[in-house]
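So you can see what is in the structure, the chains are spelled out below.
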Amino acid sequence: MSTNINLGLTRIYSLLDLLDKPHQRLSVIHIAGTNGKGSVSAYIDQIIIKSGFKTARFNSPHLIEPYDSIRINGQPIQKDDYTKTYNFINSINSNNNIGASSFELLTATAIWWFDFQKVDLAIIEVGLGGRLDATNVFESPNISIITSIGMDHMNFLGNSIESISKEKAGIMKTGCKVVIAPQIEQVAENTLKKCSEDIGCSHIIFVKPATWKSEMVGLASMDLLDKTHFEFFIPLKGDFQLENAATAVLAIDLLRKAEPKFSIITNDHIKDGITCAQWPGRLQWVDVSKIIKLSKTSQVLVDGAHNPSAAKALRNYVDKQLQLQNKEITKTCNVCWIFAATKEKDISKILELLMRNGDSLFAVSFTNVEGMPWVKCYDPQVILEYANSLESKINSKVVENLGEALRQAFVSYNKQYRIVVLCGSLYLVADLFRMLQ
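Reading the values: rules and limits
- Residue positions are given per chain, counted from 1 along the sequence in the order it is written.
- A pLDDT threshold of at least 70 governs which residues receive local features in this predicted model, and a stricter bar of 80 or more applies before side-chain atom pairs are shown or counted, although totals over entire chains, interfaces and linings include all residues.
- Excluded from the side-chain calculations are hydrogens and water; all other atoms, namely the structure's heavy atoms, are used.
- The helix and strand labels rest on DSSP assignments: H or I over at least four residues marks a helix, E over at least two residues marks a strand, and numbering proceeds from the N terminus.
- As defined in this context, the radius of gyration uses C-alpha atoms, and a globule is described by 2.2 Å times the residue total to the power 0.38.
- Buried, partly exposed and exposed residues are distinguished by accessible area as a fraction of the type maximum, computed with a 1.4 Å probe on protein chains only: under 20%, between the cut-offs, and over 50%, respectively.
- What makes two residues a contact is simply this: any of their non-hydrogen atoms within 4.5 Å.
- For accessible areas, the Shrake-Rupley method is used with a probe of radius 1.4 Å. Any residue's cover is judged against the shown protein chains and nothing else.
- Strand pairing is assigned whenever DSSP identifies at least 2 bridges connecting the two strands.
- Think of a 1 Å grid over just the protein atoms. A cavity is a set of points where a 1.4 Å probe fits yet cannot get out, a pocket is an open set with protein on both sides within 12 Å along at least five of seven lines, and lining residues have an atom within 4 Å of a point.
- Grid points are joined across faces, edges and corners, and a volume is the space filled by probe spheres set on the points.
- Put simply, Ala, Val, Leu, Ile, Met, Phe, Trp, Tyr, Cys and Pro go in the nonpolar bin, Asp, Glu, Lys and Arg in the charged bin, and everything else, Gly too, in the polar bin.
- Only the stretch in contact is used when fitting a helix axis, every axis being a line fitted to C-alpha atoms; angles between N-to-C directions are given from 0 to 180 degrees.

- For the chain, an unreviewed UniProt entry supplies the name 7094_t:CDS:1 and the organism Dentiscutata heterogama.

And the structure:
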């Protein structure tokens, strides 16, 4: 088994062939993009469940345990089922000298299990990129979705929005339908449009963001494909959910119009599904009083933002929260940031977008990630050096572990800090959730 990122489709196809080609029996919505993939998949999953179908969902990376990335009707595969299936597939890998990576084995496990469970629809999130990702084995997906594209994984996907967009567009297939979420960069939209035309996609839908009717209660509105006005509640936080939710809604609207099997999906199913969607670790308020042993509720804003575009969205949300508290955004020490990051991330740009004068930064590390030995954490001392080079005047230090960072943050809460934010990596978020179990 390979323990490094090794993009390519030869090994996964060899493995699936020996498993009797389970990928060819699945109805699939395939999702690529830099940000928003998880939220879009969660919305779609719940809509399909509310419509009475049996769903499967594969997301990566896993949040707490590898098996929680594989779900049936929203629930993770049982650990015993996961272990037996993974070991069975790994034995085929070993006996045939395929040399599959751990992610390829996880992907094959998910696909085999979804076929075994005879699901009505599998929602598959790309691991990295698209064109050469192990999930890109579906010749005729029901729909391909490309969410918002930004600068990330440049060492694998290229150093420009255009090159990254082309890699993401690799999940588009001739004669198939594609839904393209709102793009921050015009070059991304232009590149995706050209790729979809060159590939010969049958339907190309460009999504416009929904708009808030009442942001306070999460009521949004948009137009469906036939221009029917549609109102619904968005439970997930952040303005970018206007884009993610609209992308999910139009993907489902296209699915039910194009596929007779899914024509029974109603507007009420869509509304109920969106309302019930959950996506842990993204703009989520979490009570950490259990960890820091305080009797009062101690809320931390948790977000897995790990690239510049996600960091910008996080900072915008934090600023809105400060304004709601009627506090001056420039007041000394408004925000305490507990931060860790994966190596290769552009932490200089991320920190530049997050930090304001008077903020504090606690640099920490995250624990080793099970099943992903290639993931390495930045040394907190390196994060500190980046932080100290910023133009913004901030208070920064290395803290020995996450628990201590939380305790120190809340010692000064209300005196110095108005909001405590934990961000920079989903692996750091996972460490927090494990501490709360």
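There is more to say, and it comes next.
**Some details on the overall build of the chain**
- Within the chain, the secondary structure is distributed over 15 helices and 17 strands.
- Relative to its length of 437 residues, the chain is compact, with a C-alpha radius of gyration of 22 Å against a globular reference of 22 Å.
- Here the C-alpha coordinates of the chain stretch approximately 60 × 55 × 40 Å along the principal axes.
- Classification of the 437 residues of the chain by burial places 56% in the buried group.
- Considering only contacts in the chain between residues 6 or more positions apart, those separated by 24 or more positions represent 73%.
- Of the roughly 18300 Å² of accessible surface on the chain, 47% is carried by carbon and sulfur atoms.

**Quick word on the pairing of strand 5 (residues 121–125)**
- Among the 5 residues of strand 5, 5 are classified as buried, and the element is accordingly described as predominantly covered.
- Burial of the side chains of strand 5 extends over both faces: Leu121, Ile123 and Glu125 are buried on one face and Ala122 and Ile124 on the other.
- Inspection of the sheet shows strand 1 (residues 28–32) paired to strand 5 by 4 bridges, in the parallel sense. Paired with Ile29 across the bridge in strand 5 is Ile123.
- Bridge analysis of strand 2 (residues 55–58) against strand 5 gives 4 bridges, and the strand direction is parallel. Bridging across to strand 5, Ala56 finds its partner in Ala122.

**What to know about the layout of surface pockets**
- In this structure, the second largest pocket spans a volume of roughly 240 Å³.
- Forming the walls of the second largest pocket are Ile205, Phe206, Val207, Lys208, Pro209, Met222, Asp223, Leu224, Leu225, Lys227 and Leu250.
- Those elements that place two or more of their residues in the lining of the second largest pocket are strand 8 (203–206) and strand 10 (219–223).
- Classifying every residue of the lining of the second largest pocket by side-chain character gives 8 nonpolar, no polar and 3 charged.

**Description of the sheet that holds strand 9 (residues 211–214)**
- If you trace the 3 strands from one edge of the open sheet to the other, you get 9-10-11, paired in antiparallel fashion. The two strands at the open ends of the sheet, each matched to only one other strand, are strand 9 and strand 11 (229–233). The average angle at which neighbouring strand axes cross in this sheet is 35 degrees, direction not considered.
- Inspection of the sheet shows strand 9 paired to strand 10 by 3 bridges, in the antiparallel sense. Bridging across to strand 10, Thr211 finds its partner in Ser221.
- Along the sheet, helix 8 (residues 241–258) contacts strand 9, strand 10 and strand 11; its crossing angle with strand 10, the most-contacted strand, is approximately 50 degrees.

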